[in-house]
Amino acid sequence: MKNILVIHGPNLNLLGQREPGIYGAQTLDTINQAIMEKAKALGLAVECFQSNHEGEIIDKIHDMKAYDGCVINAGAYTHYSYAILDAIKAVQKPFIEVHLSNIHARDAFRHVSVIAPACKGQIAGFGADSYLLALDAIAKIV
Ligand code: DQA
């Protein structure tokens, strides 16, 4: 069975109460449950990890030896963390970038993803389903 890591970045622990008009009403726990159900259907083992700290996310990416692929929502770090970009490049495993919202339809600073060049692709704008679509994609890659 392939092992997939799902990383949720900063402020995603507040889902459900954080700007629900943009990010939806589902909590992170509910989204993680849907992720686990989808993983089961796809025959994948999945671990979900959330951190508000750039260094912790980088340390987790360094642990990618234990995983075959990663689905990452780096939150606002997406737009400026060259350190997360470098970490993804360093571990040489497939990453899929996800966002709940359509970052290209929002503030100009959100149109840029500095991690995108190190990822296989990006899924944005489908709410919690973005994660489930990313699992479909990573299942085909690993
Ligand atoms: C987000 C989009 C980012 O711009 C924002 O900073 C987030 C969430 C999303 O899932 O839509 O924290 O990654």
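Our subject is the structure listed above.
Residues numbered from 1 in each chain as written. Predicted model: local features only at pLDDT ≥ 70, side-chain atom pairs only at ≥ 80, totals over all residues. Heavy atoms only, no water.

Visitor: Explain helix H5 (residues 129–141) here, please?
Guide: Side chains three or four residues apart in an α-helix point the same way, a direct result of the helix having 3.6 residues per turn. Over its 13 residues, H5 runs 19 Å from end to end, which matches the ideal 18 Å to within 8%, given 1.5 Å per residue. Taken as a whole, H5 has its buried residues at Ser-130, Tyr-131, Leu-132, Ala-134, Leu-135 and Ile-138. Contacts made by the buried residues of H5 are with strand E1 (2–8), helix H2 (28–42), strand E2 (44–50), strand E3 (69–73), strand E4 (95–99) and strand E5 (121–124). (Helix = DSSP H or I, 4+ residues; strand = E, 2+ residues; numbered from the N terminus. Expected span 1.5 Å × (residues − 1). Buried < 20%, exposed > 50% of the residue type's maximum accessible area, 1.4 Å probe, protein only. Contact = heavy atoms within 4.5 Å.)

Visitor: So what exactly am I meant to see when it comes to the packing of H2 against H5 here?
Guide: Axis angle and axis distance: for two packed helices, these are the angle between their axes and the distance between the axes, and together they describe the pair. The contact between H2 and H5 brings their axes to 10 Å, and the two run at 30 degrees. By the angle between their axes, H2 is roughly parallel relative to H5. Of the two possible hands of crossing, H2 and H5 adopt the one that is right-handed. When H2 is examined against H5, the residues Ile-31, Ala-34, Ile-35, Lys-38, Ala-39 and Leu-42 are found in contact with a partner set consisting of Tyr-131, Leu-132, Leu-135, Asp-136 and Ala-139. Class assignment for the residues of the contact of H2 with H5 results in nine nonpolar, no polar and two charged. (Axes fitted to C-alpha atoms, helices over the stretch in contact; angles between N-to-C directions. Parallel < 35°, antiparallel > 145°, perpendicular 65-115°, else oblique. Left-handed = near helix turned anticlockwise from the far one by under 90°. Nonpolar A, V, L, I, M, F, W, Y, C, P; charged D, E, K, R; others polar.)

Visitor: Sorry if this is basic, but what is going on with the site of the ligand here?
Guide: The local shell around the ligand consists of Arg-18, Tyr-23, Asn-73, Gly-75, Ala-76, His-79, His-99, Leu-100, Ser-101, Ile-103, Arg-106 and Arg-110. Arg-110 has a polar side-chain atom sitting 2.9 Å from an oxygen atom of the ligand. With the chains in place, 99% of the 320 Å² that the ligand exposes on its own is no longer accessible. Its residues assigned to classes, the shell around the ligand comprises four nonpolar, five polar and three charged. (Near = heavy atom within 4 Å. Polar contact = N/O pair within 3.5 Å; in protein donor to acceptor, adjacent residues only side chain to side chain. Areas by Shrake-Rupley, 256 points an atom, 1.4 Å probe, with all protein chains shown as cover.)

Visitor: Please explain the state of the cysteines as it appears in this structure.
Guide: Each disulfide consists of one covalent bond between the sulfur atoms belonging to two cysteines. Overall, the coordinates contain zero disulfides when judged by the stated rule. In this structure Cys-48 is not part of a disulfide, and its nearest cysteine sulfur, from Cys-70, lies 10 Å away. The structure places no disulfide on Cys-70, whose sulfur is separated from the nearest cysteine sulfur, that of Cys-119, by 8.3 Å. Classification of Cys-70 by relative accessible area gives buried; the value is 0%. (Disulfide = S-S within 2.5 Å.)

Just geometry here; none of it tells us what the structure is for.
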